[in-house]
Structure formats: C-alpha cells, structure tokens
Amino acid sequence: MNRRVFLKSGAMAMLSLGFAPSFLGRAAAAAGARRKLLVAIFQRGAVDGLNMIVPHGDADYYRLRPTIAIPRPGRDPMGSAIDLDGFFGLHPSMAPLKPLWDNQSLAVVHACGSPDNTRSHFDAQDYMESATPGVKATRDGWLNRYLQAADDSLGRRSPLRGVALARTMPRSLEGPAPALAIGSIEEFGVRGAAAAFQEQYEGSSDRLLGAAGSDAFAAMRTLQQAAGMPYRPAADVQYPNTAFGKALAEIARLAKADVGLEVAFTELGNWDHHVNEGAVTGQIANRLDEFSRGLAALAADLGDRLADTVIVTMSEFGRAAAENGNGGTDHGHGNAMMVIGGDVRGGVHGAWPGLSDAHRFEGRDLAVTTDFRDVFSEIVTAHMGVSRNALSRIFPGYHATTTPGVIRG
Amino acid sequence: MIRQRFTALLVAIALAASAAAAESRIPNSESRDDATLSHVLNRLTFGARPGDVDLVRSMGLAAWIDQQLRPARIDDHAAEAMLPPLEHPPDAADQQELRRFARRQVETLAAGKLLRAMYSERQLQEVLVDFWFNHFNVYAAKGRTAMYLPEYERDVIRPHVFDRFRDLLGADAKSPAMLFYLDNWMSAGPEQESGIRDQGSRALRRRRGRGLNENYGRELLELHTLGVDGGYTQKDVIEVARAFTGWTIDRDGRFRFVPALHDAGEKIVLGHTIKAGGGMDDGEQVLDIVASHPATAHHVAFELAQRLVADDPPPALVDRAAARFRDTKGDLREVVKTIVTSPEFLAPAARDAKFKTPFELVVSAVRTTGAAVSDARAFVQTLQQLGEPLYMCQPPTGYKDTADAWVSAGGLVTRMNFATRLASGTMPGVTLPADAPPAREIALKIGSPEFQRF
C-alpha cells in the first residue's frame with residue numbers, strides 16, 4: 001500500500017470512527033519527511049563480547065581462555081573467527097553479518113561500556129537504559145528522552161514514534177513521551193466492547209492508566225489502517241522462526257508502513273553463560289546464530305530504508321576475560337557494541353586496552369575505553385539529527401568528550 | 001510428613017502467645033468501614049470474593065488478619081484437592097524426553113499455582129509464596145531446574161514464609177533447584193586447596209567443576225540478602241563463592257556436601273573471618289553472617305512493604321519493619337504483622353496504590369466473578385501473553401511487582417481482551433455463576449482502569 005492510499009483510506013476510517021482529524025494531519029505531515037529510524041537491540045544477560053567480536057590478534061585472549069577461545073582465522077577446520085581487520089574477527093556464527101561488514105555498513109565499538117563498575121545485571125541494565133550510570137533515581141529511559149527532545153524541536157506527534165516489540169515496556173522507552181510496548185501487531189487490537197473500554201480509559205482520572213490506555217487506542221487505529229496483514233517480508237528474506245525473529249519482522253513492517261516510527265526496541269535474552277559457554281559451537285554459538293541471522297534479515301528486509309536506519313546493539317556489561325572453572329565466564333566489565341546502517345562508518349572503533357594482566361580492569365576484565373553514551377550521543381545527533389544543545393536533556397549530567405566516529409559525517 | 005506436622009504444631013504454639021498484641025493494634029473505628037476492609041482483603045488475598053467483606057466484618061479485622069498469619073490453623077483440603085497431579089520424571093536421560101517432560105511439568109505446576117491462588121483459604125500464605133518465589137527466583141527452562149521445581153515451592157518456599165528468614169535462606173541455599181539454577185553445584189575450589197587427592201575425587205572434579213563459579217555468591221548478596229547497595233565488594237562475592245564450593249547435588253537429585261570440591265582455605269566475608277578447614281560449615285557461616293546483617297533486614301523489609309503497601313513504601317514503615325526483623329532475629333511473621341497492622345498500611349493513601357501484576361489480575365478476576373475453574377491451563381496462556389509466564393522468568397531478579405514494570409499500552413490491550421474472554425464464558429475449564437451479570441458488564445469491570453489497581 002503506498003502512502004497516498006494509506007492517507008486516504010486512513011483518513012476516511014478515522015473520520016468515520018469520530019477520531020480527531022487534527023491528529024491525522026500531524027501524523028501525515030510528519031510522515032512526509034523521510035524519517036530517520038533508530039532500532040535498539042538489547043542483549044540481556046551480558047553477552048560475552050570477547051567471543052562475539054574476537055580479538056584474535058591479542059595473545060592474552062588465548063592465554064586466558066584455554067578451552068573457550070575462538071581460534072584465529074583459518075586456524076581450525078571446525079570453525080574459527082571470521083577476520084575483520086587483521087586483529088578482530090567475528091564469531092563464526094555471525095557469518096550472516098559479514099556482507100554488511102564488507103559493504104561498510106557494520107561498525108563495532110569494542111572495549112565499550114559503563115563508567116560504573118557494577119556487575120549486577122539488574123543495575124547495569126538499568127544504568128544503560130536510563131543512560132545515567134550510577135544514578136538510580138532517573139525515572140525515564142534514554143529513548144523516551146530522545147522522543148521528548150525531538151518532539152519539542154520538530155513538533156512530531158505520531159502515536160507510533162516509539163515502539164518496543166516486547167511484552168512489557170523496556171526501561172529505555174519508559175517516560176512521559178508516548179511509547180508503546182506490544183507483543184505483536186496482530187495481538188494489538190481490542191475485541192468486544194472497544195468503544196466502551198476506550199471511553200473508560202480516556203475519561204479516567206487515573207493519570208498513569210488513562211495515558212497508557214489512550215495511547216493504546218490512538219496507536220491501534222493507526223496500525224489497523226496502515227500495517228497490511230499478513231506481513232510479507234522482502235523476497236529472499238528469512239527471519240529466524242523465533243520470538244526475536246518475529247519482533248524484528250514487526251519492526252521492518254512498521255518502518256515500511258510509514259506510521260511515523262522513529263525509535264524501535266527489542267531484546268534477546270539468555271546470554272548469561274556461567275557454565276559451558278561453548279566456543280565455535282555450543283550455547284553462545286547458537287545464540288549468536290539467531291542474533292546474527294535476525295540482524296541480517298532486518299537489514300535486508302529494510303532494503304533502501306536501511307539508508308535512513310541505524311541499528312545499535314547493546315548489553316549491560318561484558319564478561320570476565322578469563323574463563324571460569326565450568327567452561328563459562330563470570331560477570332565482567334567492557335563489552336562490544338555493533339552499529340549497522342546506511343550512514344554508518346564501517347570498521348572497528350574505540351581504543352583497544354589489551355588483555356594483559358596490567359591492563360585489565362580490576363585485574364580481571366576488559367577495560368572500558370569508550371563510554372556507551374558516546375555511541376548513543378553520536379547516533380542521536382549525527383544520525384537522528386538532534387541538536388547538540390538538546391543532547392544534555394537526553395544524557396543529563398554527561399558531556400560527550402569523544403566521538404567514536406560510527407556515523408559518517 | 002510427621003516432621004512437617006510437628007513443625008506446624010510448634011509454630012502454632014509459638015504464635016498463640018503473641019496473638020493478643022497484634023489484635024490490639026488496629027483501632028476499631030478503622031476496622032469497620034467497607035473501604036478499609038476491601039483494601040485489606042485486596043492486599044492480603046488475591047482479591048475479595050463476593051461476601052468476603054461481610055465475612056471479615058463479622059469476624060473482626062484483627063482476628064481475620066491474625067488467622068491469615070497462621071495458615072496451619074486454616075483447613076485447606078478443598079483447594080488441595082483441586083490441584084492437578086504431577087507426573088513422575090522420566091527415568092531415561094534422553095534430553096528431548098526431558099525437555100518435553102519439563103514443559104508439561106511447568107504447565108501443570110503453573111495451573112496448580114493459579115488454582116491455589118484462586119481457591120486456597122490460606123490467601124496471605126499464597127501471596128507470600130508468590131513474593132518469596134520471586135525473591136528466590138529460579139527459571140524452569142534451565143536444564144534440570146524443572147525437575148526440582150515441585151519440591152522447591154512445596155518444601156523450600158511455602159513452609160518458611162512465616163518462619164525465620166535464616167531458615168528460609170538455609171533451605172533455599174541447599175535446594176537442588178537453586179544449586180542448579182545459579183550453577184553452584186558445579187563450583188569447585190582449586191584442586192590443591194581441597195586437601196583431597198584420591199582418584200574418585202579427581203574423576204568427580206572432571207565431571208563437575210574445575211574451578212570457581214561466582215553466580216550464586218553474587219546473587220545471594222545482591223538479591224537474596226543484602227541488596228545491591230548493601231555494601232559488599234567483588235572480593236566478598238569471590239569469598240562467598242569459595243565458601244559454598246562443594247555444596248552440590250547428588251545423583252538422586254538431593255543436596256550433598258562434597259569435600260573434594262571444597263576450597264578449604266580461610267575466607268573473609270564482609271569483614272568476618274571464616275577459619276580454614278570449616279568444610280560445609282563455611283557456607284552455614286556465610287548464611288549466618290548475611291542473614292543477620294542490617295542491610296538484609298532493610299532489604300527484606302523494603303521488599304515486603306513494597307508488595308504490601310506501595311511501590312515507594314513509606315520510609316518510616318520500612319525502618320520499623322526492619323527493626324522488627326532485627327529484634328526478632330528475622331521472624332518473617334512478625335515483620336509481615338508489623339507492616340499489615342501499621343497505620344501506613346491502613347491509611348487511605350495506600351488504597352489502590354498498587355498495580356496488579358498479570359498473575360494478580362487474572363486471579364482476582366476469577367475471585368471477583370465467583371467463577372468456577374476446573375482447569376487453569378487457559379490462564380497459563382494468558383499469563384504468557386501478558387509477559388508473566390509462571391516459573392519462566394529467566395533472570396534471577398524474578399518478576400517486578402511495581403507499576404512501572406507492568407503498565408504499557410500493549411499490556412492494557414491484552415488485559416481488556418482477557419476480560420472480554422473471561423466474561424464471555426468461553427474460556428475452557430471456566431464456568432461463570434448462573435446468576436452472573438451480563439458478559440459486557442463483567443468485561444468492562446475486569447478490563448477497567450480501576451480493576452487493574454488494588
């Protein structure tokens with residue numbers, strides 16, 4: 001369905017439902033400009049960044065991981081790292097992402113993470129999603145603050161600007177700007193007494209529930225008109241047949257439906273491999289396989305919209321540089337983030353601190369040389385177009401000192 | 001069985017002594033109005049059934065609370081009889097068969113948990129079982145955890161919710177479910193530190209663990225006891241993990257201490273020295289240290305007040321509950337009693353301050369309609385859609401019970417659809433009462449903003 005048809009049929013449907021046409025006008029106007037899209041993907045449970053983006057040029061990596069290291073490129077017929085730049089390589093399960101690397105659409109920021117040294121999953125996720133490490137009182141998430149800041153400057157109002165494909169609202173999108181968390185588009189519709197429910201929520205004196213319910217009904221109407229059912233991804237694109245794969249397909253579907261999507265979020269858990277992490281095969285290999293096939297499918301499905309999209313991956317902290325007594329890894333510090341998109345500057349970014357005893361954080365973990373907020377900041381300014389002045393609203397108390405250079409200027 | 005009955009008897013005797021004190025704390029004027037009675041019922045049960053307010057009024061609020069604090073005295077055979085029977089685990093070590101078994105096991109257990117919450121007369125006990133299970137969360141889809149789940153909730157959590165915290169913690173530390181879920185069963189000290197070098201021990205080390213695993217040590221401090229701001233360091237995490245090396249699971253799926261896996265050296269935990277050579281007692285000493293730590297008293301008091309009073313519980317109440325924890329050596333019945341008989345709990349500000357978790361929503365919906373549920377599996381699916389599949393919370397934090405975690409546009413839509421489906425009378429295994437109001441009326445009540453709160 002092209003946009004003109006959507007506008008026409010959408011407008012008629014909404015008018016017939018007595019929906020405020022002023023809302024439609026704003027949404028359509030906002031959809032007129034080519035929107036920039038940010039897709040944030042959280043690897044919950046602390047992915048082992050050293051086995052994901054393998055520092056195969058660092059001899060200490062092999063010394064610290066006698067049984068779970070990923071072999072140097074070409075060194076093992078059973079599988080080895082896929083070389084990127086002579087020093088770093090991808091885990092072999094990440095082969096689906098190699099074409100993105102080859103055409104300069106994949107950037108990695110290694111030794112990246114939080115200035116806070118917590119090794120608590122809960123706190124570290126909270127700090128990364130609020131983007132205020134060490135400050136627990138922050139009420140909203142950084143993606144919601146992006147929506148707040150961009151709303152002021154650009155007057156955008158679509159109810160579908162920020163969408164999490166998740167059963168519960170992620171911390172990153174929590175906050176006063178309207179945002180949605182939905183399991184899937186199909187499930188997102190009220191059966192039965194929809195109008196009476198809508199009245200209850202829109203007229204409710206309960207501010208929290210009234211607002212969330214009103215957002216739901218506004219978004220539902222837009223979605224039902226815009227997102228054609230059932231969804232067919234672009235030719236030859238195959239998402240993993242998993243909850244994660246389905247969530248990514250829904251993101252592509254929303255992006256293509258021109259409903260005003262600016263920020264999408266989803267997540268993939270189960271990275272907490274304290275036992276039998278595996279190496280080129282095993283638990284982490286299986287997880288990275290699903291993860292990489294999903295990202296590659298999303299990039300391919302977005303097609304020419306990838307030019308306006310940045311996909312960023314994150315995880316709360318890295319894992320200890322040395323393997324533990326059970327063929328796994330305990331909680332660590334620095335990690336790797338990936339940035340994929342049309343205006344991404346391909347390459348491995350960030351200073352590599354090395355894994356020698358003297359250079360490890362607290363004597364055990366990969367040190368952090370790039371604050372994760374440097375990456376976020378660059379994306380919201382260079383890609384999403386937020387002014388430098390508005391940056392302090394999105395990242396309170398933080399002044400980016402370096403620009404990792406993941407976005408082409 | 002005999003021991004359980006004996007424990008129940010002891011508990012009953014011990015508590016009879018302190019009954020009068022609690023009753024006198026609630027002023028009569030406050031205990032009579034309907035708003036107060038339904039508030040208390042909503043918080044201390046999974047929702048008021050038709051007639052419950054009258055029942056509590058005729059019994060007297062204080063007497064009713066006191067009864068709920070002593071579940072052993074409440075006959076609960078009717079609810080017990082409704083629980084679906086559990087299968088025996090398969091003998092074969094076939095991984096696929098094991099996975100299929102685990103899936104069925106989790107569904108049966110989840111249906112049982114829902115039925116108990118709907119129909120048990122020991123409502124406060126079941127509210128607290130849900131609370132403590134989340135506090136000591138395990139994830140059924142991790143390896144053999146599902147096999148250990150029935151005994152985990154039945155023998156570790158439920159009998160101890162009104163016990164001393166140290167007893168609950170100790171039972172939990174030795175439970176195969178927790179030992180497996182947080183990997184402690186595989187954690188081992190360095191070989192030269194165990195002092196045991198026979199061949200059998202070496203073979204065991206090869207099979208089990210070659211070294212230390214910090215997973216349980218960290219979560220014990222962060223989640224189970226002190227809390228994340230409780231003042232421990234990475235060094236403490238390692239020392240605690242060393243103390244628990246050798247706490248493992250035997251071939252019959254029972255707790256066992258294996259000296260060959262234990263790090264026999266000295267440990268220093270939170271400033272306390274645990275002398276070398278303590279063996280299994282090292283772990284017990286750690287549990288003593290953390291259970292009696294003031295940060296633990298505060299952490300437990302805060303979490304209970306958050307469940308029972310408000311997402312941001314009044315600090316003065318948390319302090320009093322923490323003081324009660326310290327004064328009674330962690331008597332959880334006394335801590336709960338302090339909270340639920342407090343002026344803060346009974347104050348109008350506390351009413352409707354909480355947002356129901358999906359579990360609380362579906363159970364309260366059944367209770368308020370008076371529906372008869374013979375098979376709760378349809379609700380098991382609803383909870384998956386709402387993001388709270390029972391026994392399937394992967395991170396050790398468990399499910400949150402605060403509004404920020406559960407209020408979302410998508411979640412509200414799923415709640416409205418659940419309300420419509422329940423009211424339609426078409427959910428398999430669910431029968432609405434013959435004199436129930438029209439479906440639309442029921443749906444609009446259960447899906448309303450007001451009903452999401454309690």
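Residues numbered from 1 in each chain as written. Chains lettered and ligands numbered in written order. Predicted model: local features only at pLDDT ≥ 70, side-chain atom pairs only at ≥ 80, totals over all residues.

A. Highlighting the overall build of chain B. Helix and strand counts for chain B come out as 26 helices and six strands. Radius of gyration (C-alpha) of chain B: 23 Å, near the 22 Å computed for a compact globule of 454 residues. Counting only C-alpha atoms, chain B reaches 75 × 50 × 45 Å along its principal axes. Sequence separation of 24 or more characterises 72% of the internal contacts of chain B that already satisfy a separation of 6 or more. (Helix = DSSP H or I, 4+ residues; strand = E, 2+ residues; numbered from the N terminus. Rg over C-alpha atoms; globule rule 2.2 N^0.38 Å. Contact = placed C-beta atoms within 7 Å.)

B. Broad picture of the overall build of chain A. The helix and strand inventory of chain A stands at 13 helices and twelve strands. Here chain A holds 409 residues, and the buried ones make up 57% of them. Here the contacts in chain A between residues at least 6 apart in sequence split such that 73% fall between residues at least 24 apart. (Buried ≥ 20, exposed ≤ 12 C-beta atoms within 10 Å, placed from the backbone.)

C. Fine view of the packing of helix α17 (residues 294-308) of chain B against helix α18 (residues 315-327) of chain B. Residue and element names in this part refer to chain B. At their nearest, the axes of α17 and α18 sit 8 Å apart, and the two run at 130° to each other. The angle between the axes of α17 and α18 places the two elements in the oblique class. Where α17 crosses over α18, the handedness of that crossing is right-handed. Contacts between α17 and α18 involve P294, A297, H298, V300, A301, F302, L304 and A305 on the former and, on the latter, L317, V318, A321, A322, F325 and R326. For the contact of α17 with α18, the class distribution of residues is twelve nonpolar, one polar and one charged. (Axes fitted to C-alpha atoms, helices over the stretch in contact; angles between N-to-C directions. Parallel < 35°, antiparallel > 145°, perpendicular 65-115°, else oblique. Left-handed = near helix turned anticlockwise from the far one by under 90°. Nonpolar A, V, L, I, M, F, W, Y, C, P; charged D, E, K, R; others polar.)

D. Quick peek at the pairing of strand β8 (residues 263-268) of chain A. Residues and elements named next belong to chain A. Extensive coverage of β8 is indicated by the burial of six of its six residues. Burial of the side chains of β8 extends over both faces: V263, F265 and E267 are buried on one face and A264, T266 and L268 on the other. Note: strand β1 (residues 37-43) against β8, six bridges, orientation parallel. Among the inter-strand pairings, V39 is bridged to a residue of β8, identified as A264. Here strand β6 (residues 162-165) pairs with β8 via three bridges, running parallel. Opposite A164, over in β8, you have F265 as the bridge partner. (Pairing = 2+ DSSP bridges.)

E. Quick peek at the interface of chain B and chain A. Contacts between the two partners involve 43 residues from chain B and, on the opposite side, 44 residues from chain A. Secondary-structure elements contributing two or more residues to the side of chain B that touches chain A are α14 (215-224), α23 (403-406), α24 (409-424), α25 (439-446) and α26 (449-452) of chain B. If one sorts the elements of the side of chain B that touches chain A by residue count, α24 of chain B sits on top with nine residues.

F. Representation of the sheet that holds strand β4 (residues 89-90) of chain A within the structure. Residue and element names in this part refer to chain A. The three strands lie next to each other as β2-β4-β3, forming an open sheet whose pairing is antiparallel. Two strands close off the open sheet at either side, each with one partner strand: β2 (53-54) and β3 (82-83). Strand direction decides the pairing type here: β2 and β4, joined by two bridges, are antiparallel. In the sheet register, I53 faces β4, and the bridge partner there is L90.

G. Molecular detail of the environment of L179 of chain B. Residues and elements named next belong to chain B. With respect to the helices and strands, L179 occurs in helix α11 (residues 176-181). For L179, a count of 25 C-beta atoms within 10 Å translates into the label buried. Distance from L179 to D52, taken between C-alpha atoms, is 41 Å for residues 127 residues apart in sequence. Sequence-distant contacts of L179, defined by excluding residues within four places in its chain, comprise N184, W185, W247, T248, I249 and F255.

H. Up close: the packing of helix α10 (residues 243-256) of chain A against helix α11 (residues 283-302) of chain A. Residue and element names in this part refer to chain A. At a closest axis distance of 10 Å, the pairing of α10 and α11 adopts a crossing angle of 15°. As judged from the angle between their axes, α10 and α11 are roughly parallel. Seen along the crossing, α10 lies across α11 with a hand that is right-handed. Across the interface between the two elements, F244, G245, L248, I251, A252 and A255 from α10 touch E290, G294, A297, L298, D301 and L302 from α11. Of the residues contributing to the contact of α10 with α11, the split by class is eight nonpolar, two polar and two charged.

I. Representation of the confidence of the model for chain A within the structure. The predicted model of chain A averages 89 in pLDDT, with 89% of residues at 70 or higher. Low confidence marks residues 1-32 of chain A, where pLDDT is under 50. Its contacts with residues over four positions away, or in another chain, come to 33 contacts. (pLDDT = per-residue confidence, 0-100.)

J. Just the environment of G86 of chain A, in detail. All names here are of chain A. Within the secondary structure, G86 sits in the loop between β3 and β4. A residue is classified by how many C-beta atoms lie within 10 Å of it, and G86, with 9 of them, is exposed. Taking C-alpha positions, G86 is 61 Å from S204, a pair spaced 118 residues apart along the chain.

K. Inspection of the domain arrangement of chain B at higher detail. Segmenting chain B into domains produces domain 1 (182-291) and domain 2 (358-452). Computed over C-alpha atoms, the centres of domain 1 of chain B and domain 2 of chain B are 42 Å apart. (Domains from an automatic or database assignment.)

L. Seen up close, α24 of chain B. Here α24 of chain B contains 16 residues, and its C-alpha end-to-end distance of 23 Å stays within 8% of the 22 Å for a straight helix at 1.5 Å per residue. In the segment just after α24 of chain B, G425 of chain B is the residue with positive phi, at about 75°. (Expected span 1.5 Å × (residues − 1).)

M. The arrangement of the pairing of strand β5 (residues 106-113) of chain A in detail. All names here are of chain A. Of all eight residues making up β5, eight are buried, and the element is well covered by its neighbours. Where β5 lies against strand β10 (residues 335-341), five bridges are found, and the strand directions are antiparallel. In the sheet register, V108 faces β10, and the bridge partner there is M338.

N. How the structure looks around helix α21 (residues 358-369) of chain B. Residues and elements named next belong to chain B. Between its first and last C-alpha atoms α21 spans 17 Å; for twelve residues at 1.5 Å apiece the expected length is 16 Å, and the two agree. Across the twelve residues of α21, eleven count as buried, placing the element largely inside the fold. Regarding α21, the residues found buried are P358, F359, E360, L361, V362, V363, S364, A365, V366, R367 and T369. G370 sits one or two positions beyond α21 and adopts a positive phi of about 70°.

O. Structural view of unusual backbone geometry. All names here are of chain A. Here D258, not a glycine, exhibits a phi torsion of approximately 55°, which is positive. Despite not being glycine, N270 has its phi angle at roughly 70°, a positive value. On the secondary structure map, N270 appears in the loop between β8 and α11. Assessed through the 19 C-beta atoms surrounding it within 10 Å, N270 is described here as partly exposed.

P. View of the confidence of the model for chain B. Residues and elements named next belong to chain B. Here chain B shows a mean pLDDT of 91. Residues at 70 or above account for 90%. Counted against residues more than four places away or in other chains, residues 1-24, with its pLDDT under 50, gives 17 contacts. Across the interface, the model reports ipTM at 0.87; the global pTM reads 0.83.

Q. Examining the environment of L50 of chain A more closely. All names here are of chain A. Mapped onto the elements of the fold, L50 is located in helix α3 (residues 49-52). Residue L50 is classed as buried on the basis of its C-beta count, with 30 C-beta atoms lying within 10 Å. With 52 residues separating them in the primary sequence, L50 and D102 have C-alpha atoms 21 Å apart. Apart from residues no more than four positions distant in its own chain, L50 is found in contact with P55, Y61, G318, A321 and L366.

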